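Close look at the chain arrangement
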Amino acid sequence: FPPPPPLLTWAQRFAILLGVAQGLLYLHEEWEHVVVHRDVKANNVLLGAGDTGAARLGDFGLARLYEHGATPATTRVAGTLGYMAPELTFPSRATTAADVFSFGALLLEVACGRRPIEPAAGEADGDVLLVRWARDRALDGDGGGDVLRAVDPRLEGCYDEEEARLVLWLGLMCSQARPEARPSMRQVCRYLDGEEMLQEDATPAAIFSGADSSDLFGGSFVVSMTSSSAGGTMSASSLQGGR
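These notes cover the structure that comes with them. (Residues numbered from 1 in each chain as written. Predicted model: local features only at pLDDT ≥ 70, side-chain atom pairs only at ≥ 80, totals over all residues. Heavy atoms only, no water.)

1. Some words on the overall build of the protein
- Regarding its fold elements, the protein presents six helices and 11 strands.
- For the protein, the proportion of its 243 residues judged to be buried stands at 47%.
- Only carbon and sulfur atoms are counted for the fraction: they give 52% of the accessible area of the protein, which is about 11900 Å². (Helix = DSSP H or I, 4+ residues; strand = E, 2+ residues; numbered from the N terminus. Buried < 20%, exposed > 50% of the residue type's maximum accessible area, 1.4 Å probe, protein only. Areas by Shrake-Rupley, 256 points an atom, 1.4 Å probe, with all protein chains shown as cover.)

2. A short note on the packing of helix α1 (residues 10-30) against helix α4 (residues 161-174)
- Relative to each other, α1 and α4 sit at 40°, their axes nearing to 11 Å. Judged by the angle between their axes, α1 and α4 are oblique. Seen from above, α1 lies across α4 with left-handed handedness. Between α1, through Trp-10, Phe-14 and Leu-17, and α4, the contact on the second element is made entirely by Glu-163, Ala-164 and Val-167.
- Split by residue class, the contact of α1 with α4 holds five nonpolar, no polar and one charged. (Axes fitted to C-alpha atoms, helices over the stretch in contact; angles between N-to-C directions. Parallel < 35°, antiparallel > 145°, perpendicular 65-115°, else oblique. Left-handed = near helix turned anticlockwise from the far one by under 90°. Contact = heavy atoms within 4.5 Å. Nonpolar A, V, L, I, M, F, W, Y, C, P; charged D, E, K, R; others polar.)

3. Describing the environment of Met-185
- Positionally, Met-185 belongs in helix α5 (residues 185-193).
- What makes Met-185 buried here is its relative accessible area of 1%.
- Not counting residues up to four positions away in its chain, the partners in contact with Met-185 are Ala-21, Leu-24, Leu-25, His-28, Val-100 and Phe-103.

4. Examining the pairing of strand β2 (residues 45-48)
- Alternating positions in β2 separate cleanly, Val-45 and Leu-47 being buried on one face and Leu-46 and Gly-48 remaining unburied on the opposite face.
- As defined by bridge partners, β2 adjoins strand β3 (residues 55-57) across three bridges and the pair is classed as antiparallel. Following the sheet pairing, Leu-46 is matched in β3 by Arg-56. (Pairing = 2+ DSSP bridges.)

5. Focus: the packing of aromatic side chains
- For the coordinates displayed, the defined rule picks out two aromatic pairs.
- Relative to Phe-14, the ring of Trp-10 has its centre 6.5 Å away and its plane inclined at 40°; by these criteria the two rings are tilted. Here the residue Trp-10 and the residue Phe-14 both occupy positions in helix α1, the gap between them amounting to four residues, near one helical turn. We note that Trp-10, like Phe-14, is buried. (Phe/Tyr/Trp six-rings, centres within 6.5 Å; stacked < 30°, edge-to-face > 60°.)

6. Brief notes about the packing of α1 against helix α2 (residues 96-112)
- Running from N to C, α1 and α2 point in directions that differ by 175°, and their axes come no closer than 11 Å. Comparing their axes, α2 and α1 come out roughly antiparallel. Facing Trp-10, Arg-13, Leu-17, Val-20, Ala-21, Leu-24 and His-28 of α1, the residues of α2 in contact are Thr-96, Asp-99, Phe-103, Leu-106, Leu-107, Val-110 and Ala-111.
- Residue composition of the contact of α1 with α2, grouped by class: 10 nonpolar, two polar and two charged.

7. Section: the pattern of salt bridges
- Per the stated rule, a full pass over the model turns up 11 salt bridges.
- Of the charged contacts, one joins Asp-146 and Arg-165 as a salt bridge, the two residues approaching to 3.0 Å between their closest N and O atoms. Residue Asp-146 is found in the loop between α3 (130-138) and α4, and its partner Arg-165 is found in helix α4; the two are separated by 19 residues along the sequence.
- Connected through shared salt-bridge partners, Arg-13, Asp-152 and Arg-154 make up one network. (Salt bridge = Lys/Arg side-chain N within 4 Å of Asp/Glu carboxyl O.)

Here is the structure:
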């Protein structure tokens, strides 16, 4: 059997997520047409050779495109379970917000080292949804948890806490059930680039009040502007499970 792929460092994971985010921003806003990928997932992320190889989004077999400002046409149900936005569970219009939802699942998957959907320990317990599992790490019995409890334990604490917290919060923000509540990919890129910062002005319990798969944040987040000077193919299977 071939050896397992090496564990990606936190720096590599963050660079991969930023690369995919920038690719989605180009597809959604910067090309001559709007392109909705419709199948953003770890298996479709390709990594360049070497430590500095950029991440690329591949497999456009399900993609749809339309003119900027136009209303997308209704399409059949398509995508991958665990990455599909809830509004796509029946024939509907594929919008850029659906790609944002899928990217939210990817953010959580890479940071947590877990699949978007995993079987529970007991057969009668049903599946474990990563977004709910990550949310629960941010909450404990008295609402005073820490979202960093969701970080992949295989990293053994070797990660940037500020970046990890940002990635996890963004993953939850992008995973909100209502499409209009999700950030755009431009907003996501600005957060990841450090051009905008997320500041919590409420407890996690208030942020997640009454939330299950929707309204994860409501109006409890304040975005403050800051300036920043942000400045061979490797198998995408190394991304699966956050590896």
